[in-house]
Amino acid sequence: MKIRFCFLFFLGAIRFLSAQSIDFTHLHVSLELDTNESAVHGKVQLAFKADATTDSIYLNGVNMEFEKVMLNNAEVKYASDNKGIWLWPEELLDSNSISIKYTAHPRRGMFFIGWNDESGLSRRQVWTQGQGIDNRHWVPHFDEQTDKLISEIEVLFDSKYEVISNGSLVSKEEEGEQIRWHYKMAKPHSSYLMMLAIGKYALKKTVSKSGVSLWQYYYPDREEDYKWYYYKNEEIFNFLEKEIGVPYPWENYKQVPVQDFQHGAMENTTATIFGDFFLVDEVAFNDRNYTYVNAHELAHQWFGNLVTATGSDEHWLHEGFATYYQWLSEKHLYGKDFFDWERYKAAQMVFEASKLDTVPLGNGKAGSARFYQKGAWVLYMLSESLGKEKFDEVIKYYLEQNAFGLVTTDSLNSAIQKVTGEDYTEFFDRWISTEGEPDLEIQTLQTDSTIDLVCTANYFSFDSLEIPVTVFYSNEGKYHQEQKYLYLSSKGNGRLSIPIFSYEQNLDYWEVNPDFGLLINVGEKKSIEFVGRQYMRSEDLLNRFNSIALARNLHLEDKKVLLKDIVYREKEFFSIRAEALKQLVEANHPKSDELVLWAVQSKDVQLQKEAIKLVKNPEGKLMKAVAELRKGDSYELRESAINASIAGADPKESSWLNDEFWMENPGVPDNKIAVVVLLYRTAIFKDKDALQDLINYTSSGHEFLTRINAMQALGALQYFNEEVATNYFDALFSLNRTLSRNARQNLNANYSTETGKVVIDKYVESQMNVWDDFQKRLVNRTFGLNLE
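The residue numbering used here restarts from 1 in each chain and proceeds along that chain's sequence as written. Given that this is a predicted model, residues contribute local features only at a pLDDT of at least 70 and side-chain atom pairs are listed and counted only at 80 or more, while totals for whole chains, interfaces and linings are drawn from all residues. The side-chain numbers reported here are obtained from all heavy atoms of the structure, hydrogens and water having been left aside.

**Description of the overall build of the chain**
The secondary structure listing takes helices from DSSP runs of H or I that are at least 4 residues long and strands from runs of E that are at least 2 residues long, numbered from the N terminus. When helices and strands are tallied, the chain shows 26 helices and 31 strands. In this setup the radius of gyration rests on C-alpha atoms only. A globule is expected at 2.2 Å times the number of residues raised to 0.38. What you see for the chain is a C-alpha radius of gyration of 30 Å, in line with the 28 Å of a compact globule of 788 residues. On the principal axes, the C-alpha backbone points of the chain span a range of 95 × 75 × 50 Å. Here the chain holds 788 residues, and 57% of them are scored as buried. Note on classification: 1.4 Å probe, protein chains only; a residue is buried when its accessible area is under 20% of the maximum for its type, exposed when over 50%, partly exposed between these limits.

**Side note on the pairing of strand β27 (residues 478-488)**
Bridge count between strand β26 (residues 465-475) and β27: 11 bridges; the pairing is antiparallel. Considered in β27, the bridge of Leu465 is made with Leu488. Only strands joined by at least two bridges in the DSSP assignment are considered to pair. Connecting the antiparallel pair β26 and β27 is a turn made up of two residues, with Glu476 showing a positive phi of about 55°.

**Quick word on the pairing of strand β16 (residues 196-199)**
Of the two faces of β16, the one holding Leu196 and Ile198 and the one holding Ala197 and Gly199 are both buried throughout. With two bridges joining them, strand β10 (residues 125-128) and β16 adopt antiparallel strand pairing. When the sheet's bridge partners are listed, Val126 is paired in β16 with Ile198. As paired strands, strand β12 (residues 162-165) and β16 are joined by four bridges and run antiparallel to one another. Opposite Ile164, over in β16, you have Ala197 as the bridge partner.

**Some thoughts on the sheet that holds β12**
Here four strands make up an open sheet; going across it, the order is β9-β10-β16-β12 and the pairing antiparallel. Among the strands making up the open sheet, the edge pair consists of β9 (110-113) and β12. Put simply, the sheet's adjacent strands are angled 15° from each other on average, direction ignored. What counts as an axis is a line fitted to C-alpha atoms, over the stretch in contact for a helix, and the angles between N-to-C directions run from 0 to 180 degrees.

**Some remarks on the packing of helix α22 (residues 704-717) against helix α24 (residues 737-751)**
Relative orientation of the contacting elements α22 and α24 amounts to 15°, with a least axis distance of 10 Å. By the angle between their directions, the pair α22 and α24 is classed as roughly parallel. Note that α22 runs across α24; the crossing there is left-handed. Here Phe704, Arg707, Ile708, Met711 and Gln712 of α22 come into contact with α24, specifically with Thr738, Leu739, Asn742, Ala743 and Asn746. Only Asp, Glu, Lys and Arg are considered charged in this grouping, and only Ala, Val, Leu, Ile, Met, Phe, Trp, Tyr, Cys and Pro are considered nonpolar; every other residue, Gly among them, is considered polar. Across the contact of α22 with α24, the residue classes tally to five nonpolar, four polar and one charged. Throughout this description, any angle smaller than 35 degrees is read as roughly parallel, any larger than 145 degrees as roughly antiparallel, any in the 65 to 115 degree range as roughly perpendicular, and the remainder as oblique. The crossing is said to be left-handed when, going from far helix to near helix, the turn is anticlockwise and less than a right angle, and right-handed when the turn is clockwise. Residues are treated as being in contact if the distance between any of their heavy atoms lies within 4.5 Å.

**Describing the sheet that holds strand β25 (residues 450-459)**
Spatially, four strands are ordered β28-β25-β24-β31 in an open sheet, and the strand pairing comes out mixed. Whereas interior strands pair on both sides, the edge strands pair on one side only; in this sheet they are β28 (493-499) and β31 (521-524). Going from strand to strand, the sheet's axes swing by 25° on average, the running direction of each strand aside. Note that strand β24 (residues 439-446) and β31 share four bridges and pair parallel. The residue of β31 that forms the bridge with Leu440 is Val522.

**A word on the nonpolar core**
Within the largest apolar cluster, 130 residues are counted, with the highest numbers of intra-cluster contacts made by Trp316, Tyr325, Leu382, Tyr398, Leu399, Leu412 and Trp510. If we ignore the near neighbours within four places in the chain, the residues touching Tyr398 are Phe303, Val307, Leu317, Phe321, Val407, Ser411, Leu412 and Ala415. Side-chain atoms within 4.5 Å are what join buried Ala, Val, Leu, Ile, Met, Phe, Trp, Tyr and Cys residues into a set we call a nonpolar core. Among the nonpolar cores identified, the runner-up in size contains 125 residues, and Val126, Leu149, Val676 and Trp771 belong to it.

**Some points on helix α17 (residues 620-629)**
Among the residues of α17, Leu622, Ala625, Val626 and Leu629 are the ones counted as buried. All buried residues of α17 lie within an arc of 100° about the axis, which places them on one face of the element. Those residues of α17 that are exposed and aimed more than 90 degrees away from the buried face are Gly620, Lys624 and Glu628. The inward-facing, buried residues of α17 contact α15 (592-600), α16 (605-611) and α18 (635-646). Our arc is simply the arc of the directions from the helix axis toward the C-beta atoms.

**A look at the packing of aromatic side chains**
Classification of ring pairs rests on two measures: the distance between centres of Phe, Tyr or Trp rings, Trp counted by its six-membered ring, which must be within 6.5 Å, and the angle between planes, read as stacked under 30 degrees, edge-to-face over 60 and tilted in between. For the structure shown, the criterion picks out 65 aromatic pairs. Here the aromatic rings of Trp327 and Phe339 are separated by 6.4 Å at their centres, their planes lie at 80°, and the arrangement is edge-to-face. With Trp327 in helix α5 (residues 316-334) and Phe339 in helix α6 (residues 336-354), the pair connects residues that are 12 residues apart, well separated along the chain. Accessibility classification places Trp327 together with Phe339 in one group, the buried group. Summarising the aromatic geometry, the rings of Phe427 and Phe428 are spaced 5.3 Å apart at their centres and angled 85° between planes, so their arrangement reads as edge-to-face. You can call Phe428 buried: its relative accessible area is 5%. Taken together, the aromatic side chains of Tyr218, Tyr226, Tyr229, Tyr230, Phe274, Phe277, Phe278, Tyr290, Tyr292 and Phe704 make up a single cluster linked through ring pairs. Residue placement shows Arg288 over the ring face of Phe278; its charged tip is 4.7 Å from the ring centre. The criterion is that NZ of a Lys, or CZ of an Arg, lies within 6 Å of the ring centre and within 35 degrees of the ring normal, and then a charge sits over that ring. Between Arg630 and the ring centre of Trp656, over which it is positioned, the NZ or CZ distance is 3.8 Å.

**Remarks on the layout of surface pockets**
Here a cavity denotes a set of grid points, spaced 1 Å apart and computed over the protein atoms alone, in which a 1.4 Å probe fits but from which it cannot get out, and a pocket denotes an open set meeting protein on both sides within 12 Å along at least five of seven lines; residues with an atom within 4 Å of a point are reported as lining. Grid points are joined across faces, edges and corners, and a volume is the space filled by probe spheres set on the points. Roughly 1,200 Å³ of volume is contained in the second largest pocket. Along the wall of the second largest pocket there are 39 residues; nearest its centre are Ser38, Phe112, Asn116, Asp730 and Phe733. Of all the secondary structure elements, the ones that give two or more residues to the lining of the second largest pocket are β9, α23 (722-732) and α26 (773-783). Classifying every residue of the lining of the second largest pocket by side-chain character gives 14 nonpolar, 17 polar and eight charged.

**Remarks on the side chain of Asn60**
Note on placement: Asn60 falls in strand β3 (residues 57-60). Engagement of the side chain of Asn60 in a polar contact is seen with the backbone nitrogen of Asp143, the distance being 2.8 Å. Dropping the residues within four chain positions of it, Asn60 is found in contact with Lys83, Gly84, Arg136, Val139, Pro140, His141, Phe142 and Asp143. Pairing of N or O atoms within 3.5 Å defines a polar contact, subject to two protein rules: one partner must be a possible hydrogen donor and the other a possible acceptor, and residues neighboring in sequence count only if both atoms are side-chain atoms.

Structural data, given as structure tokens:
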């Protein structure tokens, strides 16, 4: 008998109290999926233990229909609302089980892709995304990351498709034209890490050095690019397992791409899902590739999955660790300069976040730049402070002591105390609990005998801080260095006096925060002589880059010789050369075109990508070089070259746009090159076929990035009709929030025009009786209407 109650406030008030006395230990769900209706028909069995005080049980289950509910194989009183279900047992045993038969139509947590695409172009898939509390939309359970259990998933599905889930494949049995897949985890994990992915995939199985089975799924039609999107896959696994120092804690590891994924990837236990926009080819590899995501999600199998944070205020323990070990993996693959440049870019993201708010890292509202980038930075500084050997011992202890359990920042500090005998409470208070990141300005005051560094803070919330300053002296080719410190008080100011002469040697230069060792934003001014010496003498990438960055404040006449020399240094890291080139161009160096030409003709594709952004109305040799880059070794480079080629050109000189090369090589993964070319064909040649191709790209037959690119192109053309409106509304209703948001923006832009409003109003009137309540609410919010 189904019992429904109206006293939902009372139910909600006691949920938290009841949940504390129950320990769920096992979840077994059997699923049949109706792909046409995006429906889940399931039966879940939950094993749990409860103490004598337990008089009710609550399970999360969003907008579900509960058909049969059993407790210990007997009917039980229950009530449900749109958020979950309550059970009132008459008696509980030492070990108990709940069985629920249910139906769900999830709008979150589980996504049905392409099943209603009439064009047949879209891939057909089903996949899940559980973090943070979205698996409750397709399976009823106690959906909290602090509750760890062994999960088991069975799925009956069309035999033409592969089904992937957590753990080991227990069985795979044919039932007519369908197959029943049965996966089971061997060890407990948080339920938000349960996953399911269904699609048409090919599979390559490999094995790690330690014997772990590695399964890499990919699209059969993209087999030729496997080596690019799974580049160095086994090497990454072997490196991280050795670097972390604790064996991979699960039975196997799978990776599977899915269409229209809203994030980069998700570290489900033993089975990472990632967006198929990482399925790059040789050209796209130079723009964005999967190696860093591969390392990041794999690191989560230890940090997040093996040891799990207690809540959002400790989220940095997941993302910070995964990002830090991602950095180390990239250092292993690409070298120290690449690693340092990643650190630098991460710091700039943190400083940008500080312009919006000063929320501390140890706060659930800190935001991605802090959880990921600042979290990794904290671990980098901790490693530098402890020394690598001790740091590695700490991490090993931290993982082993808390395996399959929950952790906080105090857990990490406790591990440090156990291994080293040191208390890092002050370190964590400073970098985890304190608001904001130090933003400092240093003024240089020079006398006959000293240079004084006077520091004042734009923002400073620490009690105090010691900023290292390395001072270099020289005499007849011999160098001597001293380590000094600039002490900042609680008010964020300090002063350091540097003698111009020391040990009978002349001051050569100095470095504030050398090697960019602390996460502090320092603004400083130096004369060209000190800038030049710092660049020429330093062996560290970031010291060299910082020296050139300081040249931004100098006049062209003072810096042009040094910067020009740097542009031509072929062995210098691309970011330093790009910074030097940018400063010269922005300062109107008389030979800017010559310098840009040199850069775009270089063999460094990353420098080419930066240099071509500086091209304006190219002519002669520069135009010829730009034209060659339209087929360069990067799709981003090709797009920039196409745009630069069009600028100021006579339409008669743009016949190359009709080359079939662009449609044969549309750009992976988002068809951006094809979209850009179609845009120009439409604008320049009034090509109706090109316009129709753009419209087609906005339809549901294509993945979300292609659709967004095509929407932007049609927006630039200011083209809108009923067919476009149909595609935009389809995108508006998409469960991919990025696609839906872009569709909403484009619809709003067209609704603000007289003709666009007519088209949209007519379309709304024709469809309002077909739309469900969710769609009507979304249309109301988008246009300020009142559909009922």
